[in-house]
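For reference, the chains in residue letters:
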Amino acid sequence: MKIKQVILRHLKLDLLHPFTTSFGTEYDKDFILVEVKNDDGLSGWAESVAMLDPHYNEETVKTNWHILEDYLIPILLNNEIDHPDQLSETLFAHIRGNYMAKAALEGAVWDLYAKEQNFSLAHALGGTREKIDVGVSIGIKDSIEETLEIIGARLKEGYKRFKLKIKPGWDVELIDRVRQIYPDIPLMADANSAYTLEDINRLAVLDNYNLMMIEQPLAHNDIIDHADLQAKLKTPVCLDESIHSLEDARKALKLGSCKIINIKVGRVGGLTQARKIHDLCEKHSVPLWCGGMLESGVGRAHNIAITSLSNFTLPGDTAASSLYWAEDIIDPEVTVENGTINVPQTTGIGFEVNREKVDNYTLYSKVFR
Ligand code: OSB
Ligand code: MG
């Protein structure tokens, strides 16, 4: 493959509803949209999931732009590749970290590769599922009543798993009330690193509510304390922030730091590495699900493709476009029916990027050739 041109765009979309986690509130969504073009005028697309502020992890829109512009794009434009796997395995390997920046560029190359081969991206990745199960991530709200109403609405829409964001003080009472009203729904909690082992008694109370899992309760960079915690809980621990690579996953499984992993393609440096973690977890019978980062439709399309792999056995966070955006930038937008999304069978990501809408939401852009 020879990439002739890369276009970076900084887009800003308004979120329909603010999204609050233990680390802060998002009102809108700034992100980098990456387009790569070949000689035949075909385009591949992906988005970076780095946020405006370094609160989820250390990457930001600006650090990604810098790494893309000054390192990754020049490497891509100056090298011919046979397969997208070569990016993370060799060409980008000497650039430390910056996984979200790498994933964004690699993702666009994967889409283009699949289009050149006339495959769907899901098929190019080895995915076999034609439909994927989806859940929903519900942020911290002003009241438990409001949370209960949202759960009720999503339940009616068919969502198959309900993830509640928690933090100290918005946890035991919340889960207790939800379980009183919905004793049997597939329920889980995501702390985004809001606790330490000193909170063990509080976390042990949550162990009594038949949660599917508790996601990233402890520090964003920890796999040692999580192993201690997992040994004391019957509820599976799921790691999100702590897993950046195949090596991280291997070590976490060896230590018993978790029983489930949330894969975010951006957090692990792209689709190639995501697939490697998938294969390792499948070998160890560790179930996976695909996390979300409030993506636009382009990122959602990539999430749908990776989720079609066989070991994504738990419902993910890739919900319908209409829960986030007044209008999405892809046609058609992502829709959920009976808690499932159909995996597109057309080439590449399987959704058309709407250039007019992209232009409307673009703050600035730059062309590299
Ligand atoms: O921890 O999974 C997370 C959003 C932003 C940053 C981190 C997380 C999330 C979500 C939202 O949970 C998932 C989504 O709806 O896209
Ligand atoms: Mg999470």
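A. View of the coordination of the magnesium ion (ligand 2). Distances from the magnesium ion (ligand 2) to its protein donors, Asp190 (OD), Glu215 (OE) and Asp240 (OD), fall within 2.1 to 2.3 Å. Counting residues between consecutive donors of the magnesium ion (ligand 2) along the chain gives the motif D-x24-E-x24-D. Residue Asp190 is located in strand E7 (residues 187-190), and its partner Asp240 is located in the loop between strand E9 (237-239) and helix H9 (246-255); the two are separated by 50 residues in the primary sequence. Here Asp190 matches Asp240 in class, with each residue buried.

B. Structural detail: the site of ligand 1. Neighbouring ligand 1 are 17 residues; Lys165, Asn192, Lys264, Leu294 and Tyr324 lie closest to it. Between ligand 1 and Lys163, the relevant distance is 3.0 Å, taken from an oxygen atom to a side-chain nitrogen or oxygen of the residue. At a separation of 2.8 Å, an oxygen atom of ligand 1 approaches a polar backbone atom of Leu294. Within the complex, 99% of the 390 Å² of free accessible area of ligand 1 lies under protein. Counting atoms within 2 Å of the grid points, the majority share of ligand 1 lands in the largest pocket. Split into classes, the residues belonging to the shell around ligand 1 amount to seven nonpolar, three polar and seven charged. Both domain 1 (3-118 + 354-368) and domain 2 (123-352) contribute no fewer than three residues apiece to the shell around ligand 1.

C. Looking closely at the domain arrangement of the protein chain. In terms of domain boundaries, the protein chain breaks down into domain 1 (3-118 + 354-368) and domain 2 (123-352). Taking the mean C-alpha position of each, domain 1 and domain 2 sit 22 Å from one another. With 42 residues of domain 1 at the contact, the number on the domain 2 side is 50 residues. The tally of links from domain 1 across to domain 2 stands at four salt bridges. Between Asp85 and Arg275 there is a salt bridge whose closest N-O contact spans 3.2 Å. If you list the elements that add at least two residues to the side of domain 1 that touches domain 2, you get strand E1 (5-21), strand E2 (24-37), strand E3 (43-47), helix H2 (85-91), helix H3 (99-117) and helix H12 (355-361). Ranked by residues supplied to the side of domain 1 that touches domain 2, first place goes to H3 with 11 residues.

D. Molecular detail of H9. Those residues of H9 not exposed but buried are Ala249, Ala252 and Leu253. Burial along H9 is one-sided: seen end-on, the buried residues are contained in an arc of 95°. Once H9 finishes, Gly256 follows within two positions and takes phi at roughly 75°, a positive value.

E. Empty space enclosed by the protein, seen in detail. On inspection of all chains with the given rule, the structure shows three cavities of 30 Å³ or more. Of the pockets and cavities examined, the largest cavity occupies roughly 160 Å³. Contributing to the lining of the largest cavity are 19 residues, with Glu47, Val49, Val265, Gly266 and His302 lying nearest its centre. Those elements that place two or more of their residues in the lining of the largest cavity are E3, H3 and helix H11 (297-307). The class makeup of the residues in the lining of the largest cavity is nine nonpolar, seven polar and three charged. Inspection of the lining of the largest cavity shows a minimum of three residues originating in each of domain 1 (3-118 + 354-368) and domain 2 (123-352). Here the second largest cavity defines a volume of roughly 50 Å³. As for the second largest cavity, its lining consists of Ser120, Leu121, Ala122, Ala301, Ile304, Ala305, Val343, Pro344, Thr346, Gly348, Ile349 and Gly350. Mapped onto the lining of the second largest cavity, the elements with two or more residues apiece are helix H4 (121-124) and H11.

F. Structural context of unusual backbone geometry. Omega for the peptide link from Asp331 to Pro332 comes to -15°, which places this bond in the cis form. By secondary structure assignment, the location of Pro332 is in the loop between strand E12 (330-331) and strand E13 (340-342). The backbone phi angle of Asn118 is positive, close to 65°, even though this residue is not glycine. A positive phi is found at Ser285, a non-glycine position, where the angle reads about 55°. Checked against the element boundaries, Ser285 lands in the loop between helix H10 (271-283) and strand E11 (288-290).

G. Just the side chain of Gln216, in detail. Along the chain, the position of Gln216 falls in the loop between strand E8 (214-215) and helix H8 (224-232). Dropping the residues within four chain positions of it, Gln216 is found in contact with Asp190, Ala191, Asn192, Ser193, His226, Cys238, Leu239, Asp240, Glu241 and Ser242.

The rules behind the values
- Residues numbered from 1 in each chain as written.
- Chains lettered and ligands numbered in written order.
- Predicted model: local features only at pLDDT ≥ 70, side-chain atom pairs only at ≥ 80, totals over all residues.
- Heavy atoms only, no water.
- Donors = N, O, S within 2.8 Å, 3.2 Å for Na, K, Ca; no water.
- Helix = DSSP H or I, 4+ residues; strand = E, 2+ residues; numbered from the N terminus.
- Buried < 20%, exposed > 50% of the residue type's maximum accessible area, 1.4 Å probe, protein only.
- Near = heavy atom within 4 Å.
- Polar contact = N/O pair within 3.5 Å; in protein donor to acceptor, adjacent residues only side chain to side chain.
- Areas by Shrake-Rupley, 256 points an atom, 1.4 Å probe, with all protein chains shown as cover.
- 1 Å grid on protein atoms, 1.4 Å probe; cavity = no way out; pocket = protein on both sides within 12 Å on 5 of 7 lines; lining within 4 Å.
- Sits in = over half its atoms within 2 Å of the grid points.
- Nonpolar A, V, L, I, M, F, W, Y, C, P; charged D, E, K, R; others polar.
- Domains from an automatic or database assignment.
- Contact = heavy atoms within 4.5 Å.
- Salt bridge = Lys/Arg side-chain N within 4 Å of Asp/Glu carboxyl O.
- Arc of directions from axis to C-beta.
- Points joined across faces, edges and corners; volume = space filled by probe spheres on them.

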